[in-house]
Amino acid sequence: MANVTVIGGQWGDEGKGKIVDWLASRADVVARFQGGHNAGHTLVVDDRTYKLSLLPSGIVRGTLSVIGNGVVLDPWALKKEVETLTEQGVAVSPETLQIAETCPLILPFHRDLDALREDASGQGKIGTTRRGIGPAYEDKVGRRAIRVCDLAHLGDLGPQLDRLCAHHDALRAGFGEQPIDRDRLERELGEIADFVLQFARPVWLTLNEARQRGRRILFEGAQGVLLDVDHGTYPFVTSSNTVAGTAAAGTGLGPSAAGFVLGIVKAYTTRVGSGPFPTELADETGQMLGERGHEFGTVTGRKRRCGWFDSVLVRQSCAISGVTGIALTKLDVLDGFDELRICTGYWLGEQRLDHFPAHAADQARVEPIYEVMAGWRESTAGARSWADLPAQAIKYIRRVEELIQCPVTLVSTSPQREDTILVRDPFAG
Ligand code: IMP
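This is a predicted model, so every value here is computed, not measured.

**Quick look at the overall build of the protein chain**
Helix and strand counts for the protein chain stand at 12 helices and 18 strands. A compact globule built from 429 residues would reach a C-alpha radius of gyration of about 22 Å, and the protein chain, at 22 Å, matches this within 12%. Viewed in the frame of its principal axes, the protein chain has a C-alpha envelope of about 65 × 50 × 35 Å. Of all 429 residues assigned to the protein chain, the portion counted as buried reaches 56%. Counting contacts in the protein chain only where the partners sit at least 6 residues apart, residues at least 24 apart contribute 76% of the total. Roughly 17,300 Å² of accessible area belongs to the protein chain as shown, and the carbon and sulfur atoms make up 49% of that amount. Separation between the mean location of the 47 positive side-chain charges and that of the 55 negative ones in the protein chain comes to 2 Å.

Below you can see the structure in the form of structure tokens.
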């Protein structure tokens, strides 16, 4: 049975929530493999809206949901999200949620450090979600992290905490902050430990067994390829690898498990936080895209920057992530425009580029080269088949496919799960 790996093909917020929910209803297991509660996935199920940041989207429908080792886990954010879902009538139990024992924890001082650095950065600010994601990943690769399995051995944490606090106290001193209140930290960890441990499992085993039994696994990526720490618009990126290849390392399965790689791509472009964005529109058109597309961050409520579709960036994302096919989302937001623009290349001074340059200064300097297409007046909202789409909208989709060198697998025409044109079933491989 084929698995499906879903990733964002731009800077996140491509509408993964709806597509993942649709796929999750047909999967046996849904697994997250990177990021943390910086992600924001909105699901609309039977007219109810659910906002998830950390939990895999399968949780809303009771599908076994797994948080892989590649995720950084804030235990208090986990508790809050579970409580909110419980209030909304969604049951979360060890039968429906498993968390890798090897997940590094996001601790309160990671959050502090994220904010202190952002506040001290002025123009160089990354515009992070201030959730402590970056500092927690730093401690993971610095081999200082406290992990989920450590919560079962709190009495032995002394030497680990010594090392961790020594490192962070030095950083905090640099910002004029007090050292970590270690007693409080130990008390808070003690209070939250059992809550987290009820879900802790060797999830690599669960997933490998599921695979052996021919179960369908859906890997749910967060953020987008352009925010990948290696391949994105560095340093204006998140601190994890967001490409599809991470599904394997971030859960404990081999690379052949990824299956069909579905890249979620918005019919235009948005970005939250700082960093280069060649097709950004600082005018009325950008404003209109933002209003029609309700472009406000799920996690931070920040207004998203908006611009035209950039086929150069998406072609690059699809190549880097080995995308099998894309889901084109929010097509309806483009309804009613007289003309639409698609970026097909860049000028870097006198030089014409067909890919995004690596250096941040060049990325900020490139000028987009646009192809202009006629828009359409009719509404595409709620379309469920090609026959429901105006000819010009089909032309736009076909041109996108050509330019990004990747086929369209799905088209999404509203936040409702049913308003989807299915070209090819990703689970059919
Ligand atoms: P961090 O992941 O909080 O460290 O933020 C780093 C960058 O990634 C910032 O530009 C954030 O706005 C962006 N980012 C993080 N998570 C998301 C997301 O789920 N959607 C869109 N952007 C995100």
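**Some words on the nonpolar core**
With 90 residues, the main nonpolar core has L78, I326, L331 and Y396 as its most contacted residues. The contact partners of L331, leaving out residues within four places of it in the chain, are A267, W376, T380, L389, A393, Y396, I397, V411 and S412. Of all hydrophobic cores here, the second largest spans 16 residues; its members include V20, W22, I264 and F427.

**Some words on helix α12 (residues 391-404)**
Its 14 residues give α12 an end-to-end C-alpha distance of 20 Å, which sits within 8% of 20 Å, the value for a rise of 1.5 Å per residue. Along α12, the residues classified as buried are A393, Y396, I397, V400, E401, L403 and I404. Where the residues of α12 are buried, they touch β12 (309-310), α10 (311-321), β13 (325-329), β14 (339-348), β16 (367-374) and β17 (408-412). Looking one or two residues past α12, Q405 carries a phi angle of roughly 60 degrees, positive in sign.

**As for the pattern of salt bridges**
Applying the stated criterion to the full structure yields 25 salt bridges. Across the salt bridge formed by R144 and D139, the nearest N and O atoms sit 2.8 Å from each other. Owing to a relative accessible area of 14%, R144 belongs among the buried residues under this scheme. You can call D139 buried: its relative accessible area is 1%.

**Thoughts on the site of the ligand**
Every one of the 16 residues lining the ligand counts as a neighbour, but D13, N38, T129, T238 and R302 are closest to it. Within the side chain of N38, one N or O atom sits 2.9 Å away from an oxygen atom of the ligand. Within the side chain of T238, an N or O atom sits 2.6 Å from an oxygen atom of the ligand. About the coverage of the ligand: the protein hides 96% of its 470 Å² of free accessible area. For the shell around the ligand, the class distribution of residues is 6 nonpolar, 8 polar and 2 charged.

**Observations concerning the environment of S240**
Within the fold, S240 resides in the loop between β8 (217-220) and α8 (246-249). The residues contacting S240, other than those within four sequence positions of it, are Q34, G35, Y137, Q223, L227, D228 and V229.

**Considering helix α1 (residues 16-24)**
Within α1, 9 of the 9 residues are buried, which leaves the element mostly enclosed by the surrounding structure. Those residues of α1 that fall on the buried side of the exposure criterion are K16, G17, K18, I19, V20, D21, W22, L23 and A24.

**What about unusual backbone geometry?**
Residue P235 is bonded to the preceding Y234 through a cis peptide linkage, with omega at 5 degrees. Note on placement: P235 falls in the loop between β8 and α8. The backbone phi angle of R130 is positive, close to 60 degrees, even though this residue is not glycine. Mapped onto the fold, R130 is located in the loop between α3 (108-120) and α4 (133-141). For R130, a relative accessible area of 32% translates into the label partly exposed.

What counts and how
- Residues numbered from 1 in each chain as written.
- Predicted model: local features only at pLDDT ≥ 70, side-chain atom pairs only at ≥ 80, totals over all residues.
- Heavy atoms only, no water.
- Helix = DSSP H or I, 4+ residues; strand = E, 2+ residues; numbered from the N terminus.
- Rg over C-alpha atoms; globule rule 2.2 N^0.38 Å.
- Buried < 20%, exposed > 50% of the residue type's maximum accessible area, 1.4 Å probe, protein only.
- Contact = heavy atoms within 4.5 Å.
- Areas by Shrake-Rupley, 256 points an atom, 1.4 Å probe, with all protein chains shown as cover.
- Lys, Arg positive; Asp, Glu negative; His and termini not counted.
- Charge placed at Lys NZ, Arg CZ, Asp CG, Glu CD.
- Core = buried A, V, L, I, M, F, W, Y, C linked by side-chain atoms within 4.5 Å.
- Expected span 1.5 Å × (residues − 1).
- Salt bridge = Lys/Arg side-chain N within 4 Å of Asp/Glu carboxyl O.
- Near = heavy atom within 4 Å.
- Polar contact = N/O pair within 3.5 Å; in protein donor to acceptor, adjacent residues only side chain to side chain.
- Nonpolar A, V, L, I, M, F, W, Y, C, P; charged D, E, K, R; others polar.

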